[in-house]
Amino acid sequence: MRIELKREGGLAFIPGLNRPHVFKLGDLPPAQADAIARSVQAASFFERPARVGTASKGAADQTRYVLTIEDEGRRNTVQLLEPVEDPSLRALLDLLKQVERTAVRAAPQSR
Amino acid sequence: MILHPRWHRHSLHCVLPPYLLRSIAQNGSSAQRAAALRTSAVDNTFRSLRFVSNPLGQRSPGRVIAGMMAESQCYRSIYDVEGQETFPGKLVRSEGQGATGDAAVDEAYDGLGATYDLLWEVYGRNSIDDSGLRLNAHVHYGRNYDNAFWDGQRMVFGDGDGELFNRFTIAIDVIGHELSHGMTEDEGPLVYFRQAGALNESMSDVFGSLVKQRALNQTADKADWLIGAGLLASSIQGQALRSMKSPGTAYDDPVLGKDPQPGHMRDFVRTWEDNGGVHINSGIPNRAFFLVATQLGGYAWEKAGHIWYEALRDTRLRPDCGFARFARITLMAASRLYGEGGAEDTAVRDAWNQVGVPVTREKVAVAFTPPQGVQASKPSTRRPQA
Ligand SMILES: [Zn+2]
Ligand SMILES: [Zn+2]
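If you're wondering where the values come from, they're calculated on a predicted model, not measured in any experiment. (Residues numbered from 1 in each chain as written. Chains lettered and ligands numbered in written order. Predicted model: local features only at pLDDT ≥ 70, side-chain atom pairs only at ≥ 80, totals over all residues. Heavy atoms only, no water.)

**Student:** Just to check I follow, could you spell out the pairing of strand E7 (residues 155-158) of chain B for this structure?
**Tutor:** Residues and elements named next belong to chain B. Here E7 shows two buried faces, one formed by Met 155 and Phe 157 and the other by Val 156 and Gly 158. Of the strand pairs in this sheet, strand E5 (residues 135-141) and E7 are connected by 3 bridges, and their pairing is parallel. When the sheet's bridge partners are listed, Tyr 141 is paired in E7 with Gly 158. One ladder, built from 3 bridges, connects strand E6 (residues 148-150) with E7; its direction is antiparallel. Bridge pairing links Trp 150 to Met 155 in E7. (Buried < 20%, exposed > 50% of the residue type's maximum accessible area, 1.4 Å probe, protein only. Helix = DSSP H or I, 4+ residues; strand = E, 2+ residues; numbered from the N terminus. Pairing = 2+ DSSP bridges.)

Shown next, in the form of C-alpha cells:
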C-alpha cells in the first residue's frame, strides 16, 4: 500500500509542512503499518468521494489534507477539510499525521 | 437602524468619526446620554448607535441619531474541547467569571476581551458583526494540533505539538487575527482566494497586531510587528509566523523551511497552493500598513488603523478586490478622514508605492468628511465661468 499525504492551508503557509509525504506501509514499523491498513479498511477509503467536508462561508485558516492511497490496483484521492467529523476517517488521518510528523522531522528542508 | 445598499446594518461609525462615537459613549454628559437613550426608544434592540443614512449610503456628518446604547456588550464563552475534534466541548469560562488557571482558557478569554475592546473603544464597533455577537472560543482542540482557525462562527485553538509549535492562544495577535476574519466576512466579504484572499489575511494580521499593540500600549515604533511571536517552539529557528515589518524574515529553519512572504510586488508569488497564496502574498499589504503606521507615528490603531477600518467598510470594496483597488480605497479613506494632501494621505500613497503598488490621484474621487463633527464645507456655489 502506497500513501501520499499533503497538508494545505492553516494559519500560515509553512513550506516544510506543506510538502507531500509519500510512504509505503512496508517501510513502517509492523504495528503502525497494521493499524493503518485496518484503518483504511474501516474508513472504506476507496469508496469515499473526492471531497469530505465543506468550508463554511467566511471560514479561514482551516487545514485540509489531500490523501491518496494506492493498493492492489485500487487508487483514490480524498480531500479532507478539518475538522473531520467522520470518526473512521478522522482515526485514519490521526494515524497518518503521526507518520507525517516523524517524516517532517527526519527530512529537514534543503536550503 | 439603516439599510445600506448592501442590506447591511451600519452603526454610527458609518457617518461619524469613531473617536466622536467613542467620546459620546464614554465621556458624554449624562444629559447627552439621556437624550441619546431617549431617542433609542425607536430602536429597542438597544444595541448600538444607529444612524439614518441617505439612500445612496453616502457618509456625511450631521445625520439623525435613531438610537444609542453606550454600554459595551462583550460576552465571551470559552469551551474546553478536551483533546477531541467535536464541538462545542465543555463550557469552562463565561463572561465575568474569574481565571481558571488553565493558560489556554484564560489567554483565549483575555484575547477575546482585548479584541472586543479594540473594536468597541477605538472603532465604535460592537463585536465582530457590529451587533454584539457573542464570542466563542474552543481550546485544547485535537491532540498535538498545530493550528488555529475560524470556522465561520467560532475560533478554534490547538495546543501545538510542543516540538514545532506551542499552544496557539499564546499569541494574542493570533486570537485577534481569527476574530478579525469574522469582521471581514461581515464587512467585506473578501473571497479567500488570490489577491482578495491575501487582503483578507492581511486585514486579520493588521487588526490582530493592533490588538497586541494596544494591549501592550505600544506606539508603532516600539511594536515588534510580528504575527505569532512565542508560537514557535524553542528548538525552531525563528521568532514568529510572519513579520509585517520585514516579510520573509520571520523564520528560517531546517524543519519549517524559510518564511516565504514577499514584501514587494516584484516578489509576488503565483501559486495554486494556500488558496492562491493568501498567507504568502499578504506580506505585501501587511508591509504597506506597517509603513503607514510608522510614517504617521504614535499609536498604530489611531490613524493608520482608522484608515484601514474605513477602507474595510467602504462599499467599493468588492469581494474580488485586488491590491491596486484596495490601495486606492485606503487613499480615499485617508483623504476622507484626514483631508486631502495631508500627512495621512501622503503616508498612504508613499507606503503603497514602496511595496510596488502605485496609487495615483486618478479615479480617486473624495468626499472629505472633516473630523470631530464639523460640518463639511458645502460644494462651491460658484458657477462655471462661461
Ligand atoms: Zn487567517
Ligand atoms: Zn456603511
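Okay, back to it.
**Student:** In this structure, what is going on with the domain arrangement of chain B? I would like to understand it.
**Tutor:** Many analyses report the size of an interface as the accessible area lost when the parts associate. Residue and element names in this part refer to chain B. By the assigned domains, chain B splits into domain 1 (1-68), domain 2 (76-170) and domain 3 (191-386). When domain 2 packs against domain 3, close to 1500 Å² is buried across both sides, 64% of that on carbon and sulfur atoms. Per-residue buried area on domain 2 facing domain 3 is highest for Leu 118, Tyr 123 and Leu 164; these three make up 39% of the total on that side. Measuring nitrogen to oxygen at the nearest pair gives 2.7 Å for the salt bridge that ties Arg 214 to Glu 121. Seen at the junction of domain 2 and domain 3, the total is 9 residue pairs in polar contact (both at pLDDT 80 or more). Its residues assigned to classes, the side of domain 2 that touches domain 3 shows 8 nonpolar, 3 polar and 6 charged. (Domains from an automatic or database assignment. Buried area = accessible area lost by both parts, 1.4 Å probe. Salt bridge = Lys/Arg side-chain N within 4 Å of Asp/Glu carboxyl O. Polar contact = N/O pair within 3.5 Å; in protein donor to acceptor, adjacent residues only side chain to side chain. Nonpolar A, V, L, I, M, F, W, Y, C, P; charged D, E, K, R; others polar.)

**Student:** Could you clarify how one ought to interpret the pairing of strand E5 (residues 74-81) of chain A in this entry?
**Tutor:** Sheet faces and side chains relate simply in a regular strand, where the side chains alternate between the two faces. Residue and element names in this part refer to chain A. The pairing of strand E3 (residues 51-52) with E5 spans 2 bridges and is classified as parallel. Bridge pairing links Arg 51 to Gln 79 in E5. Note: strand E4 (residues 63-71) against E5, 8 bridges, orientation antiparallel. Following the sheet pairing, Ile 69 is matched in E5 by Asn 76. Where E4 folds back on E5, the antiparallel hairpin that results is connected by 2 residues, among which Glu 72 adopts a positive phi of roughly 45 degrees.

**Student:** Help me understand the coordination of the zinc ion (ligand 1), please; the structure alone is not making it clear to me.
**Tutor:** Donor atoms from the polypeptide that coordinate the zinc ion (ligand 1) comprise Asp 61 of chain A (OD), Asp 61 of chain A (OD), His 177 of chain B (NE2), His 181 of chain B (NE2) and Glu 201 of chain B (OE), at 2.0 to 2.3 Å from the metal. Here His 177 of chain B pairs with His 181 of chain B, and both are found in helix H4 (residues 172-187), just 4 residues apart, close to one helical turn. Overall, His 177 of chain B belongs to the buried group, its relative accessible area being 1%. (Donors = N, O, S within 2.8 Å, 3.2 Å for Na, K, Ca; no water.)

**Student:** I would appreciate a short explanation of the sheet that holds strand E3 (residues 76-80) of chain B in the present structure.
**Tutor:** All names here are of chain B. Sheet architecture is open: 5 strands sit in the order E4-E3-E5-E7-E6, paired in mixed fashion. Every other strand in the sheet has two partners, leaving strand E4 (90-94) and E6 as the edge strands with one partner each. Neighbour to neighbour, the strand axes of the sheet diverge by 20 degrees on average, direction disregarded. Where E3 meets E5, 5 bridges bridge the pair, whose relative direction is parallel. (Axes fitted to C-alpha atoms, helices over the stretch in contact; angles between N-to-C directions.)

**Student:** Can you help me understand the pattern of salt bridges in this one?
**Tutor:** It is possible for side chains of opposite charge to pair when their charged atoms get near one another. Inspection of every chain in the model, using the stated rule, returns 30 salt bridges over all chains. Shared partners join several salt bridges into a network, and the residues in it are Arg 2, Glu 4, Glu 70 and Arg 75 of chain A.

**Student:** Just checking my understanding: could you explain the sheet that holds E5 of chain A for this structure?
**Tutor:** In a beta sheet, neighbouring strands are held together by backbone hydrogen bonds and run either parallel or antiparallel to one another. Taken together, the 5 strands give an open sheet; going across it, the order is E2-E1-E4-E5-E3 (chain A), and neighbouring strands pair in mixed fashion. Bordering the open sheet on either side are strand E2 (21-24) and E3 of chain A, each of which pairs with just one other strand.

**Student:** Sorry, what's going on with unusual backbone geometry here?
**Tutor:** Excluding glycine, residues mostly carry a negative phi; peptide bonds, for their part, are mostly trans. Following Glu 82 of chain A, the chain continues into Pro 83 of chain A via a peptide bond in cis, with omega recorded as -5 degrees. Within the fold, Pro 83 of chain A resides in the loop between E5 and helix H2 (87-106). Pro 189 of chain B follows Gly 188 of chain B through a cis peptide bond whose omega is -10 degrees. The residue Pro 189 of chain B is located in the loop between H4 and helix H5 (194-215) in this model. At Asp 61 of chain A, a residue that is not glycine, the phi angle is positive and equals roughly 70 degrees. Structurally, Asp 61 of chain A can be placed in the loop between E3 and E4. Notably, Glu 82 of chain B is not glycine yet its phi reads approximately 55 degrees, a positive angle. Of note, Glu 82 of chain B is situated in the loop between E3 and E4.

**Student:** Sorry, what's going on with the packing of aromatic side chains here?
**Tutor:** Residue and element names in this part refer to chain B. Using the criterion set out here, one finds 18 aromatic pairs over all chains in the structure. Measuring from ring centre to ring centre gives 5.8 Å for Tyr 123 and Phe 207, while their planes differ by 85 degrees; the resulting arrangement is edge-to-face. Taken as a pair, Tyr 123 in helix H3 (residues 103-123) and Phe 207 in helix H5 lie far apart in primary sequence, 84 residues in all. For Tyr 123, a relative accessible area of 0% translates into the label buried. Residue classification places Phe 207 among the buried positions, given a relative accessible area of 1%. Three or more aromatic residues joined by ring pairs make a cluster, and in this case those are Trp 225, Phe 289, Phe 290, Trp 308, Phe 326 and Trp 352. Lying over the aromatic face of Tyr 109, Arg 93 brings its terminal NZ or CZ to 3.6 Å of the ring centre. (Phe/Tyr/Trp six-rings, centres within 6.5 Å; stacked < 30°, edge-to-face > 60°. Lys NZ or Arg CZ within 6 Å of the ring centre and 35° of its normal.)

**Student:** Explain the interface of chain A and chain B here, please?
**Tutor:** On the chain B side, the residues contacting the 31 residues of chain A number 43 residues. Carbon and sulfur atoms make up 51% of the surface buried where chain A meets chain B, a total of about 3100 Å² over both sides. Where Arg 143 of chain B meets Asp 94 of chain A, a salt bridge forms, and the shortest distance between an N and an O atom there is 3.4 Å. Connecting chain A to chain B are 20 residue pairs in polar contact (both at pLDDT 80 or more). Elements with a contribution of two residues or more to the side of chain A that touches chain B: strand E1 (2-9) and H2 of chain A. Among the elements that take part in the side of chain A that touches chain B, H2 of chain A stands out by supplying 6 residues, more than any other. Looking at side-chain class alone, the side of chain A that touches chain B contains 11 nonpolar, 9 polar and 11 charged residues. (Contact = heavy atoms within 4.5 Å.)

**Student:** What am I meant to see in the confidence of the model for chain B here?
**Tutor:** As a general rule, the predicted coordinates of low-pLDDT regions are not to be interpreted in detail. All names here are of chain B. Of the residues in chain B, 75% reach a pLDDT of 70 or more, and the chain-wide mean stands at 82. The model gives residues 1-22 a pLDDT under 50, and that stretch makes 74 contacts with residues more than four places away or in other chains. Predicted confidence is poor over residues 369-386, with pLDDT under 50, and the contacts of this stretch with residues over four places away or in other chains come to 20 contacts. Both scores are available for the predicted complex, with the pTM at 0.82 and the ipTM at 0.91. (pLDDT = per-residue confidence, 0-100.)

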